[in-house]
Amino acid sequence: QVQLVESGGGLVQDGGSLRLSCAASGRTFSSPAMGWFRQAPGKEREFVAAISRSGGYIYYADSVKGRFTISRDNAKNTVYLQMNSLKPEDSAVYYCAATWASSDYVLPTDRYDYWGQGTQVTVSS
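Residues numbered from 1 in each chain as written. Predicted model: local features only at pLDDT ≥ 70, side-chain atom pairs only at ≥ 80, totals over all residues. Heavy atoms only, no water.

Enquirer: Would you explain the pairing of strand β5 (residues 46–51) in this entry?
Expert: Regular strands have side chains that alternate between both faces of the sheet. Taken across its six residues, β5 has five buried, putting it largely inside the fold. Across five bridges, the pairing between strand β4 (residues 33–39) and β5 is antiparallel. When the bridges of β5 are listed, G35 appears paired with A50. Here β5 runs beside strand β6 (residues 58–60); their pairing, made up of three bridges, is antiparallel. Across the sheet, residue A50 finds its bridge partner in β6, namely Y59. A loop of six residues connects β5 with β6, the two strands running antiparallel in sequence, and G55 in this loop sits at a positive phi of about 85°. (Buried < 20%, exposed > 50% of the residue type's maximum accessible area, 1.4 Å probe, protein only. Helix = DSSP H or I, 4+ residues; strand = E, 2+ residues; numbered from the N terminus. Pairing = 2+ DSSP bridges.)

Enquirer: Whenever I open this one, the environment of T69 confuses me. Can you help?
Expert: Structurally, T69 is set in strand β7 (residues 68–73). Judged by its relative accessible area of 39%, T69 falls in the partly exposed class. The sequence separation of T69 and Y80 amounts to 11 residues, and the corresponding C-alpha distance is 8.0 Å. When near neighbours in sequence (up to four residues on either side) are disregarded, T69 contacts Y60, Y80, L81 and Q82. (Contact = heavy atoms within 4.5 Å.)

Enquirer: How do you make sense of empty space enclosed by the protein when you look at a structure like this?
Expert: Empty space left among the atoms is revealed by rolling a probe the size of a water molecule over them. On inspection of all chains with the given rule, the structure shows two cavities of 30 Å³ or more. Lining the largest cavity are 11 residues, with A24, S30, P32, N77 and W100 positioned closest to its centre. Taken as a whole, the second largest cavity spans an internal volume of roughly 30 Å³. Taken together, S31, P32, A33, R53, T99, A101, S103 and Y105 make up the full set of residues lining the second largest cavity. Of the residues that constitute the lining of the second largest cavity, the class distribution is four nonpolar, three polar and one charged. (1 Å grid on protein atoms, 1.4 Å probe; cavity = no way out; pocket = protein on both sides within 12 Å on 5 of 7 lines; lining within 4 Å. Points joined across faces, edges and corners; volume = space filled by probe spheres on them. Nonpolar A, V, L, I, M, F, W, Y, C, P; charged D, E, K, R; others polar.)

Encoded structure:
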């Protein structure tokens, strides 16, 4: 049983920073491709960032490029999302997702097999 647990969300002021973490458990004999998504009230879930299983391939949504950084520590089965220069429009529930595959690729769509429960990020103006 795969579990993804996000943490690190909270309330921050405009221009502030947060670091989200997503710890994977239950299938750790190999590393998955992972991604971060977010969903604001009344809006559809949107892609934020993705990282391949090796960490060698990374992809960002244009809206966060230059402000957010995705990284991973495979020894800890954890992926991170460092969010800097946060804006009120970044406020949303952030979800991590994982999928296992035979090749090292980045997946910038929502075609992941496993999802976390989400962590709330609120940026005040």
